[in-house]
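# Residue-level structural notes
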Amino acid sequence: MRYYLIAGEASGDLHASNLMRALQVEDPQAEFRFFGGDQMAAVGGALVRHYRDLAYMGFIQVALHASTILKGMKECKADIVQWHPDVLILVDYPGFNLSVAKYIRRQTDIPIYYYISPKIWAWKEWRIKAIRRDVDELFSILPFEVPFFAGHHYPIHYIGNPCVDAVDAYRQQAVSREAFLQARGLDDKPIIALLAGSRKAEIKDNLPQMIEAVKGMDDRTIVIAGAPGIDKEFYAQFTKGQEVTIVFGETYPLLQHAYVALVTSGTATLETALFRVPQVVCYFIRCGKVVSVLRRLFLKVPFISLVNLIADKEVVPELVADGMNVNNLRAHLYTLNADTPERTAMLQGYDEVIQTLGEPGASSHAAQCMVGLIQRQSKDR
C-alpha cells in the first residue's frame, strides 16, 4: 500500500520515521512519500519537501514567510492528489495539517488518519469541528486525551507513547559514560544539559538565560543539545566566551548521562523524564506579563509540560513568560543540583508518569491498527 505522511518539525520527523518502520513490518510492500525530515528519509521513500523549509514559529515569523508556507501547502495538496495514496497520515503540526486535511477531504476519497493528535485540549478547542469533519481516525499518544475526545463524542485510539519507544530503542545500544565523555573531550564532572528548543526563535529567547543561570558552576560540565537543522554558527552568538560544549545528534546520549537539565517546553520535557533527569521546564515569551494574563484567560489546562499534564499534578517546575528569568532558573536549579528532597520527589513523580504511559510498542500498535483499518475500509468500498 501507499502511505503519504506529513511531519512539520524534528519530533514529528522522529515519530513518523518510527511509524514508517513499523508499517514496513505490517506491510512489506509499503511505499512512502512525505513532507518530513532526515529521519523519515533514512527509512526510505520520496522526500518531497524538508520540514525546515516551512517550520516557522510565532505570528511575526509566520507573517513574514506566509508566501513560502502557502506555496509549500499548495505543493503538498497537489502532490497528494496526484500520487493518490491509500492513506494520508498527518503527524501533529495542526495549522498546516488541518488545512491539508480539509482540502483532501473535499477533493478525494483518500482516508485521512491523524497520528499524534493536535493539542486542542490546551487551546483552540474549536478545531474539534474540523477534526470531526475531515479526519477519519485519530491516534493518540497521551492517555488523558481519550476522555477529552470522548467528551466531544469523537472516539480515538490510544496506542501508547512513541517517546517510550524511542528511548527504549536507544537504550538497546546506549553508549557508556566514559565513551561519551572521551568522544567529546569532557571532564568527568556532573553534566547540566541545556535543551533550548528546536527552532531558532526558541533558542534565541531561552538559551541566553539558560547559559547565564549556570554561569559560575565550575563543578559542573555544561552541554547544549544542538537542534537538528540548525548550524553551530547560530549557537556561536550565544556561547562565545562561555565554558559550554554543543553536541549535535546526541540528545539521548546527553540525557542518559546528565545530572540535571534546563528544558524548553515540548516533547523534550517528556524525553528528559523518561531518562529520569531532574529538570526545570522553561519557556520565555516576550511581553511576559501580558502573556501571563492571557494564558490564564485562554489556556484550557493548568500546565504546559507533558510531564505535569500526564501526572495531572506539578512534578516539574514550569517557568513561563515573565516567570522565566535567570533568578528563578538558578533558584530551581539549586534545589535539583544535589541529593535533595525536591530531587527525590521529582524522580518519584517520573516513575508514576512512566507507569501511566505503559510499555514500549506505540509505533507497532499504531501500524497494526492503521493497516487493519485500511484493509477493512478497502473491502467496504
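These lines cover the structure that appears in this document, whether it is placed above or below. From a predicted model like this one, the values you see are computed outputs, not experimental measurements.

Conventions we followed
Residues numbered from 1 in each chain as written. Predicted model: local features only at pLDDT ≥ 70, side-chain atom pairs only at ≥ 80, totals over all residues. Heavy atoms only, no water. Axes fitted to C-alpha atoms, helices over the stretch in contact; angles between N-to-C directions. Helix = DSSP H or I, 4+ residues; strand = E, 2+ residues; numbered from the N terminus. Parallel < 35°, antiparallel > 145°, perpendicular 65-115°, else oblique. Left-handed = near helix turned anticlockwise from the far one by under 90°. Contact = heavy atoms within 4.5 Å. Nonpolar A, V, L, I, M, F, W, Y, C, P; charged D, E, K, R; others polar. Salt bridge = Lys/Arg side-chain N within 4 Å of Asp/Glu carboxyl O. Buried < 20%, exposed > 50% of the residue type's maximum accessible area, 1.4 Å probe, protein only. Pairing = 2+ DSSP bridges. Right-handed = clockwise from strand over helix to strand, strands pointing away.

So, about the packing of helix α8 (residues 162-171) against helix α13 (residues 267-274). Relative placement of two packed helices is described by the angle separating their axes and the distance separating the axes. Orientation of α8 relative to α13, taken along the N-to-C sense of each, is 45°, at an axis distance of 10 Å. In terms of orientation, α8 and α13 fall into the oblique class. Along this stretch, α8 crosses α13, giving a crossing that reads as right-handed. Counted together, Cys163, Val164, Val167 and Arg171 of α8 and Thr267, Leu270, Glu271 and Leu274 of α13 form the full contact between these two elements. When the residues that make up the contact of α8 with α13 are grouped by side-chain class, the tally is five nonpolar, one polar and two charged.

A few words on the pattern of salt bridges. Counting across every chain of the model gives 13 salt bridges. When the shortest N-O distance is used, the salt bridge between Lys215 and Glu212 registers 3.0 Å. Glu212 sits in the partly exposed class, given a relative accessible area of 30%. One salt bridge in this structure joins Arg220 and Asp219, with 3.4 Å as the shortest N-O distance. For Asp219, a relative accessible area of 45% gives the class partly exposed. If you follow the salt bridges from partner to partner, you end up with Glu212, Lys215 and Arg330 in one network.

The parallel open sheet is built from seven strands, whose spatial order is β3-β2-β1-β4-β5-β6-β7. Pairing within the sheet leaves two strands with one partner each, and these edge strands are β3 (46-50) and β7 (157-158). Note that strand β6 (residues 137-140) and β7 share two bridges and pair parallel. Residue pairing across strands places Phe139 opposite His157, the latter belonging to β7.

One open sheet accounts for six strands, arranged β10-β9-β8-β11-β12-β13; its pairing is parallel. Two strands close off the open sheet at either side, each with one partner strand: β10 (245-248) and β13 (318-320). Direction aside, the axes of adjacent strands within the sheet are offset by 25° on average. Relative to strand β9 (residues 221-226), strand β8 (residues 191-195) runs parallel, the two sharing four bridges. What sits directly across from Leu194, in β9, is Ile224.

This part covers the pairing of strand β4 (residues 87-91). Counting buried positions along β4 yields five of five residues, so the element is predominantly enclosed. Every second residue of β4 is oriented toward a common face, with Val87, Ile89 and Val91 on one face and Leu88 and Leu90 on the other, all of them buried. Relative to strand β5 (residues 112-115), β4 runs parallel, the two sharing four bridges. If you follow Leu90 over to β5, its bridge partner there is Tyr114. Handedness of the crossover joining β4 and β5 through helix α5 (residues 94-107): right-handed.

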